[in-house]
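# Structure at a glance
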Amino acid sequence: MLRDLDNKKSQFEDFLKAYLSDHDNRSGLYRACVYSLASPGKRIRPIILMLSCESVGGQPEDTLHAGLAIEMIHTFSLIHDDLPAIDNDNMRRGMPTCHNKFGEATAILAGDSLIFLAIEAIAVAGYTPDIKLDLLGAIGDMCGMGGLVLGEYEDIMAEGKDVTLNDVENIYLKKTSRLFELAAYAGARIAGASDRDMFSLRYYGRELGLAFQTIDDILDITSTEDALGKAVGRDVLKKKATMVRVLGMDAARKWAKERTNRAIDSISYMTSPAAETLRELAKKLLGRIS
Ligand code: FPP
Ligand code: MG
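The structure presented is a predicted model; accordingly, all values stated were derived computationally and were not measured. (Residues numbered from 1 in each chain as written. Chains lettered and ligands numbered in written order. Predicted model: local features only at pLDDT ≥ 70, side-chain atom pairs only at ≥ 80, totals over all residues. Heavy atoms only, no water.)

Turning our attention to the nonpolar core. With 70 residues, the main nonpolar core has L135, L182 and L208 as its most contacted residues. Not counting chain neighbours up to four residues away, the residues in contact with L135 comprise A66, I122, Y127, Y185, A186 and I190. Core analysis: the next-biggest nonpolar cluster, separate from the first, contains 17 residues, I171, V244, A252 and A256 among them. (Core = buried A, V, L, I, M, F, W, Y, C linked by side-chain atoms within 4.5 Å. Buried < 20%, exposed > 50% of the residue type's maximum accessible area, 1.4 Å probe, protein only. Contact = heavy atoms within 4.5 Å.)

Here it is, written out as structure tokens:
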């Protein structure tokens, strides 16, 4: 099952490379997009997309354009999150952040460009018009005011303020879970999943996202810059709204475990090898803090 995760990652990265070389041009702006997109990410979201599709009988290769679109959106969010006006971080994935390498103006525009490249990746895919429309609608809903960007705004506004568990959960749901849910949704939609499977896979994505963000925030305290490829210890410094801050370290670990179990349980009735790999993925992510 763990080999399946590696294979899916390679399959996505081969596609990414081929797609980018097809679209190659000499603009410095495009180079900045490719720099961040091709940097060594875990590719969790495209992997979820492939597995979600396969778990309900679809072909994982059919999801590659949608996976690329989601990875482009994820990359845009990281580039902008690292900017001086937001988290002001200089390292990401073990490399200088986009603005650190290319300058702030180029990084802003590279992030902007990735949103439109994502739309284009869906538009040129071989999906039916109905599927394209549903995917684009879901991107608009889950990445804008219904999710990612609003979540990031709320995360910034909460800095230095007193927050409750409920506040933090709501921020996590938007800034992290919605993109995981989008990946699970898109895989299920491309495969033509039943209502029950669609609901379960979306729930899996949502709960996994909550666990993932909690784990990320725990690692910000317990891990090292070398291991994570990005600066650590920043959340405490900026008094960020995190589960560790509202629950304490031990209870935050427990919370991440509970959310991981909810993700696993939501698809426990699915018997395909791909569903088993989705459950393995959830355990593997939790393993980062145990
Ligand atoms: C790391 O993903 C990403 C997160 C922990 C999500 C945090 C959310 C944001 C930064 C929201 C930003 C939003 C905007 C609109 C600026 P990962 O560990 O999968 O990273 P990887 O792809 O490098 O492996
Ligand atoms: Mg950040």
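What follows is about the side chain of R43. With respect to the helices, strands and loops of the structure, R43 is situated in the loop between α2 (28-37) and α3 (44-55). Of note is the side chain of R43, whose polar atom sits 3.0 Å from the backbone oxygen of S39. Within the structure, the side chain of R43 is placed 2.9 Å from the side chain of E71, a separation counted as a polar contact. In this view, R43 contacts K9, F12, E13, L16, L37, A38, E71 and R93; residues no more than four positions away in its chain are not counted. (Helix = DSSP H or I, 4+ residues; strand = E, 2+ residues; numbered from the N terminus. Polar contact = N/O pair within 3.5 Å; in protein donor to acceptor, adjacent residues only side chain to side chain.)

A grouping of I115, F116, I119 and L136 is seen on the molecular surface, where their side chains present a nonpolar patch of about 330 Å² in accessible area. The greatest single-element share of the nonpolar patch, amounting to three residues, is contributed by helix α6 (residues 104-123). Mapped onto the elements of the fold, L136 is located in helix α7 (residues 129-143). Owing to a relative accessible area of 31%, L136 belongs among the partly exposed residues under this scheme. (Patch = residues over 30% accessible without salt bridge, like charges linked within 9 Å, V, L, I, M, F, W, Y side chains within 5 Å. Areas by Shrake-Rupley, 256 points an atom, 1.4 Å probe, with all protein chains shown as cover. Salt bridge = Lys/Arg side-chain N within 4 Å of Asp/Glu carboxyl O.)

We now examine the packing of helix α1 (residues 2-22) against helix α4 (residues 64-82). Between α1 and α4, whose axes approach to 10 Å, the crossing angle comes to 80°. Between α1 and α4, the crossing angle belongs to the class labelled roughly perpendicular. Between α1 and α4, the residues in contact are Q11, F12, F15, L16 and Y19 and L64, H65, G67, L68, E71 and M72, respectively. Broken down by class, the residue content of the contact of α1 with α4 amounts to seven nonpolar, three polar and one charged. (Axes fitted to C-alpha atoms, helices over the stretch in contact; angles between N-to-C directions. Parallel < 35°, antiparallel > 145°, perpendicular 65-115°, else oblique. Nonpolar A, V, L, I, M, F, W, Y, C, P; charged D, E, K, R; others polar.)

A few words on the environment of L49. Here L49 is to be found in helix α3. Residues L49 and R189, 140 residues apart in the sequence, show an inter-C-alpha distance of 10.0 Å. Not counting residues within four places of it along the chain, the set of residues in contact with L49 comprises T63, A66, G67, I70, A183, A186, G187 and I190.

So, about the site of ligand 1. Around ligand 1 there are 18 residues in total, and K42, R45, H74, R93 and F212 lie nearest to it. The side chain of K42 places a nitrogen or oxygen atom 2.5 Å from an oxygen atom of ligand 1. Between H74 and ligand 1, the recorded distance is 2.8 Å, taken from a side-chain N or O atom to an oxygen atom. When the free accessible area of ligand 1 is taken as 630 Å², the share hidden by the protein chains comes to 93%. Going through the elements one at a time, α4, α8 (148-158), α9 (165-191) and α10 (195-222) are the ones with two or more residues in the shell around ligand 1. In terms of residue count, α4 provides more of the shell around ligand 1 than any other element does, six residues in total. (Near = heavy atom within 4 Å.)

Coordinates in, geometry out; function isn't part of it.
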